[in-house]
Amino acid sequence: MSLYKAVLKILKANKTNLLIAVIVTVIITFFYAQNTAAPDVKLDRGTMTIVTEDNSALSKALIDYLKEEQTVVELSDKSQKSIDDALYFGKIDYVLFLPKDFTTNIEAGVPSAIDAQSRPDAFAKTLIEGQVDTFLSTYTAFYHVTGNREEALKNTQSSLAANGEVTISRGYSERMNQQFGSLVFNALAYGLFLSIFSGYGVVNLVFNRKEIRNRNQVSPLSTRRLNRAVSIGMLGYSLLLTSCFTAGLLLFTRSTWSVMTGYLVINLLCFFLPIVTFSTCVTSFVKNSEALNGISNVYIMGSCFLGGVFVSSDFLPDFISKIASFTPTYWFVQNNQLIGNTLSVNADFITKFWLNCLILVLFACAFLIIQFVLKKDSRWFNQKRIA
């Protein structure tokens, strides 16, 4: 019992450092809340911009039609970098590109007459593309009948002048709730990982001190029992921390318990395993706090950037995702995205979900094996040095 009190005392003495991860998680969560549209039963107008190289009557009519249906904004800088930034920071949801030969291609029935770019989580994409397709299909139908551009354009505008009422299905609202929940759970890839790793770090730094280690070697408690007691204490700390983080996020997102919420929790528990094994493996051999800070900054934060926690993987090049796949954070985020985009559980979802969970468990096994090998080599080296 005195050993558990010692572990608790060490954690209390370093509570300021341990609270940093909690504060960062709260900030990230509020950032997601501010940048994720709340589900609504109304069909809101999307925000888009149009980049056109065509000055024909058809392109002008299409732009006028979209201005009536959507919120069209003008970007002062229409370079690709500026467009990517506007999409990422939520200034626009959709970009429509009209090439120089737009009208000719549409009348000829060329399927790739237009190009577009959108935010990966933007519902406006479906709505805008539907309206563009409706306008161009109507124009093409009239043009093939009349053979006259002006008459076809006039008939198209009069046909689409009628207004109707559109309501969003309940499924859309559920999907938006799930996507928001999965985004918030992604924040745990940094906050929970850093909190557990920092806890293991401060405790093992104390017990790995030479004077403490020498004193423990002459104590009536064996080294194996000492390590087991410290491991149990830190496992209890990690489980308590995970429970608090999970309960806090569920309260924040106002999530009612559902099948998908259960899958989010299962995914978190699978991610919990490589977090604990990685933290145990690294902090068992690192002897100074500077090295631990470097590892947390490089590995934990780096894997979050590469894995899609801070920046969606949809905005990152493919080779970045391939590099990120060598970290457990990537597979944790992939499962969260899978849950956020799934409305009903089917065989395909179950296969992908449990495969990702299996990969997380394999990461935990790999860290355990690395720790075992390093400990064995360390004992052999110490014995040889004594001999």
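Look up: the structure comes first, before these words.
Residues numbered from 1 in each chain as written. Predicted model: local features only at pLDDT ≥ 70, side-chain atom pairs only at ≥ 80, totals over all residues. Heavy atoms only, no water.

### What about the side chain of T283?
Stage number 1. Along the chain, T283 falls in helix α12 (residues 259–283).
Stage number 2. By relative accessible area, T283 is classed as buried at 2%.
Stage number 3. Side-chain polar atoms of T283 contact the backbone oxygen of S279, separated by 2.5 Å. (Helix = DSSP H or I, 4+ residues; strand = E, 2+ residues; numbered from the N terminus. Buried < 20%, exposed > 50% of the residue type's maximum accessible area, 1.4 Å probe, protein only. Polar contact = N/O pair within 3.5 Å; in protein donor to acceptor, adjacent residues only side chain to side chain.)

### A look at the pairing of strand β1 (residues 47–52)
Stage number 1. In this sheet, strand β2 (residues 71–72) lies alongside β1 in parallel orientation, the contact comprising two bridges. Across the sheet, residue T47 finds its bridge partner in β2, namely T71.
Stage number 2. Across five bridges, the pairing between β1 and strand β3 (residues 94–98) is parallel. When the sheet's bridge partners are listed, T49 is paired in β3 with V95. (Pairing = 2+ DSSP bridges.)

### So, a nonpolar patch on the surface
Stage number 1. A surface patch of nonpolar side chains, about 400 Å² in accessible area, is lined by V259, I266, V345, I350 and W354.
Stage number 2. Contributions of two or more residues to the nonpolar patch are made by α12 and α16 (347–386).
Stage number 3. In this fold, W354 is placed in helix α16. (Patch = residues over 30% accessible without salt bridge, like charges linked within 9 Å, V, L, I, M, F, W, Y side chains within 5 Å. Areas by Shrake-Rupley, 256 points an atom, 1.4 Å probe, with all protein chains shown as cover. Salt bridge = Lys/Arg side-chain N within 4 Å of Asp/Glu carboxyl O.)

### Details of the environment of L75
Stage number 1. Checked against the element boundaries, L75 lands in the loop between β2 and α4 (80–88).
Stage number 2. The exposure class assigned to L75 is buried, which follows from its relative accessible area of 17%.
Stage number 3. Put simply, L75 and V51 are 24 residues apart on the chain and 9.2 Å apart in space, counted from C-alpha to C-alpha.
Stage number 4. Those residues in contact with L75 that lie beyond four places of it in its chain are T49, I83, A86 and I92. (Contact = heavy atoms within 4.5 Å.)

### Remarks on the sheet that holds β3
Stage number 1. In spatial order, the strands read β2-β1-β3-β4; together these four strands make up an open sheet with mixed pairing. Across the chains shown, the open sheet's two edge strands, defined by having one partner strand only, are β2 and β4 (115–118).
Stage number 2. The sheet contacts of helix α6 (residues 124–146) involve β1, β3 and β4, and relative to β3 the element is tilted by about 30°. (Axes fitted to C-alpha atoms, helices over the stretch in contact; angles between N-to-C directions.)

### A short note on the nonpolar core
Stage number 1. Of all hydrophobic cores here, the largest spans 62 residues; its most connected members are L11, L192, V203 and M234.
Stage number 2. Sorting elements by how many residues they give to this core places helix α9 (residues 188–207) first, with 14 residues.
Stage number 3. Discounting chain neighbours no more than four positions away, the residues touching M234 are V7, L11, G199, Y200 and V203.
Stage number 4. The next biggest cluster of nonpolar side chains, apart from the first, holds 23 residues, and it includes I50, L96, F102 and V132. (Core = buried A, V, L, I, M, F, W, Y, C linked by side-chain atoms within 4.5 Å.)

### Concerning the packing of aromatic side chains
Stage number 1. For the structure on display, the rule yields 16 aromatic pairs.
Stage number 2. Geometrically, the ring pair formed by Y139 and Y143 is stacked, given 6.0 Å between the ring centres and 15° between the ring planes. One end of the pair is Y139 and the other is Y143, both in helix α6 and four residues apart, which spans about a single turn. With respect to burial, Y139 and Y143 carry one shared label: buried.
Stage number 3. Aromatic pair Y330 and W331: ring centres 5.0 Å apart, planes at 85°, arrangement edge-to-face. Residue Y330 shares its accessibility class with W331, and that shared class is buried.
Stage number 4. Site record: aromatic cluster; members linked through ring pairs are F193, F197, F271, F278, Y299, F332, F363 and F367. (Phe/Tyr/Trp six-rings, centres within 6.5 Å; stacked < 30°, edge-to-face > 60°.)

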